[in-house]
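# What the coordinates show
What follows is the residue order along each chain.
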Amino acid sequence: MDFNKGLKDGIPVALGYFSVSIAFGLMAIENECSALEAVLISLTNLTSAGQFAGVTVLATMGTYVEMAVTQLVINSRYSLMAISLSQKVDGKFRGIWKWLLGFAITDEIFAVAIGHDGPISKEYFSGLMSLPILGWSAGTLFGAVLGNIMPEIITTSLGIALYGMFIAVVVPKARENRHVLITVILAIIFSTVIRYVPVFSGISAGFAIIISAVIASVAGAVLFPVKEAE
């Protein structure tokens, strides 16, 4: 069934999220959030960078405007992912399911979903998003309650797990399709240029991702156009 397939595909994402969200649970507690508040933040948001930045704004008594602008800059890339993924869903994916897609979209869930063979059904997406949401919230609770008794070297190294998991999601598709590989390499090059060339130093991480993704996508579309089925 599509739901079971979605659950299976979401397992590596959930494991990666569990590891990374431990660090968020620790940070939330250090900034005087309760364990319940930390879990509620993770349960109602699926954005690691956005949550870390949001708690920082709260801890420094920032204004609502600062919070809104911070979240807009960091999370605006998800709008591009949602637009792209909305073109891949089947005809029954409508109404509240589109709201759920917009809520649950993350870099890793998007990567898994966009690589799914065939149209995305609401059953598949509900399975795909379930375990990552659970993993992200459970990791936050673990970090908030037990993180302080773990060695610092372990809690610090857990953050690497997300990058390893994302590589594991992208590499198989890149190996299968040379066009995907070239597009991924282009995105890496553009991201590196924005990161290290001084003239681009004022561009935030969120916008850097958007710019790199858009340029690489356009380049991929121009270099490797997909012929429409007649």
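Scroll up to find the structure this text is about.
Here is a short report on the structure shown in this document. (Residues numbered from 1 in each chain as written. Predicted model: local features only at pLDDT ≥ 70, side-chain atom pairs only at ≥ 80, totals over all residues. Heavy atoms only, no water.)

## Things to note about the overall build of the protein
Helices and strands together make up the secondary structure of the protein, namely 12 helices and zero strands. Along the protein, from the amino end to the carboxyl end, the secondary structure elements read α-α-α-α-α-α-α-α-α-α-α-α. Taking all 230 residues of the protein together, the buried fraction comes to 38%. Looking at the protein alone, contacts between residues at least 24 apart form 78% of all its contacts between residues at least 6 apart. With an accessible surface of roughly 13,400 Å², the protein has 69% of that area assigned to carbon and sulfur atoms. (Helix = DSSP H or I, 4+ residues; strand = E, 2+ residues; numbered from the N terminus. Buried < 20%, exposed > 50% of the residue type's maximum accessible area, 1.4 Å probe, protein only. Contact = heavy atoms within 4.5 Å. Areas by Shrake-Rupley, 256 points an atom, 1.4 Å probe, with all protein chains shown as cover.)

## Looking at the nonpolar core
If you look at the biggest cluster of nonpolar residues, it comprises 24 residues, and the most contacted ones within it are Leu-85, Phe-93, Leu-101, Ile-105, Ile-120, Phe-125 and Leu-128. Listed by contribution, the elements that provide at least two residues to this core are helix H1 (2-30), helix H5 (77-86), helix H6 (96-104), helix H7 (107-114) and helix H8 (122-146). Looking at this core, the element that brings in the most residues is H8, giving six residues. Contact partners of Leu-85, with chain neighbours within four places excluded, come to Leu-101, Ile-105, Phe-110, Ala-113, Ile-114, Ile-120 and Phe-125. Grouped together as the second largest cluster of nonpolar side chains are six residues, Phe-24, Met-27, Ala-28 and Val-55 included. (Core = buried A, V, L, I, M, F, W, Y, C linked by side-chain atoms within 4.5 Å.)

## Description of the packing of H1 against H8
Axes are the key here: two packed helices are described by the angle between their axes and the distance separating the axes. Relative orientation of the contacting elements H1 and H8 amounts to 25°, with a least axis distance of 5 Å. Looking at the two axes, H1 sits roughly parallel to H8. Between H1 and H8 lies a crossing whose hand is right-handed. Considered class by class, the residues forming the contact of H1 with H8 number 20 nonpolar, 11 polar and four charged. (Axes fitted to C-alpha atoms, helices over the stretch in contact; angles between N-to-C directions. Parallel < 35°, antiparallel > 145°, perpendicular 65-115°, else oblique. Left-handed = near helix turned anticlockwise from the far one by under 90°. Nonpolar A, V, L, I, M, F, W, Y, C, P; charged D, E, K, R; others polar.)

## Some words on the side chain of Thr-47
Relative to the helices and strands, Thr-47 is located in the loop between helix H2 (35-44) and helix H3 (48-59). Among the polar contacts made by the side chain of Thr-47, one reaches the main-chain amide nitrogen of Gly-50 at a distance of 3.1 Å. With residues near it in sequence (within four places) discarded, Thr-47 still touches Asn-75 and Tyr-78. (Polar contact = N/O pair within 3.5 Å; in protein donor to acceptor, adjacent residues only side chain to side chain.)

## What about the side chain of Gln-51?
Structurally, Gln-51 can be placed in helix H3. Here the side chain of Gln-51 touches Trp-136 through a polar contact of 2.9 Å, side chain to side chain. Aside from chain neighbours lying at most four places away, what touches Gln-51 is Phe-24, Ile-41, Ser-42, Asn-45, Leu-46 and Trp-136.

## Examining H1
Compared with an ideal rise of 1.5 Å per residue, which puts 29 residues at 42 Å, H1 spans 41 Å between its outermost C-alpha atoms and is within 8% of the ideal. At Ile-11, H1 shows its largest bend, some 40°, and a proline, Pro-12, comes one to four positions later. Just past H1, the residue Glu-32 takes up positive phi, approximately 70°. (Expected span 1.5 Å × (residues − 1). Bend = angle between axes of the 7 residues up to and from the residue.)

## A closer look at the environment of Gln-87
Looking at the element boundaries, Gln-87 is found in the loop between H5 and H6. Sequence separation of Gln-87 and Ile-120 is 33 residues, and the distance between their C-alpha atoms is 9.5 Å.

## Quick notes on the packing of aromatic side chains
Tallying each qualifying case throughout the model produces five aromatic pairs. With 5.5 Å between their ring centres and 75° between their planes, Tyr-17 and Trp-136 make a pair best called edge-to-face. Pair noted here: Tyr-17 is in helix H1 and Trp-136 is in helix H8, with a separation of 119 residues, a long-range link. Overall, Tyr-17 belongs to the buried group, its relative accessible area being 4%. Taken together, a centroid distance of 5.5 Å and an interplanar angle of 85° make the contact between Phe-24 and Phe-52 edge-to-face. Of the two residues, Phe-24 is situated in helix H1 and Phe-52 in helix H3; the sequence distance between them amounts to 28 residues. (Phe/Tyr/Trp six-rings, centres within 6.5 Å; stacked < 30°, edge-to-face > 60°.)

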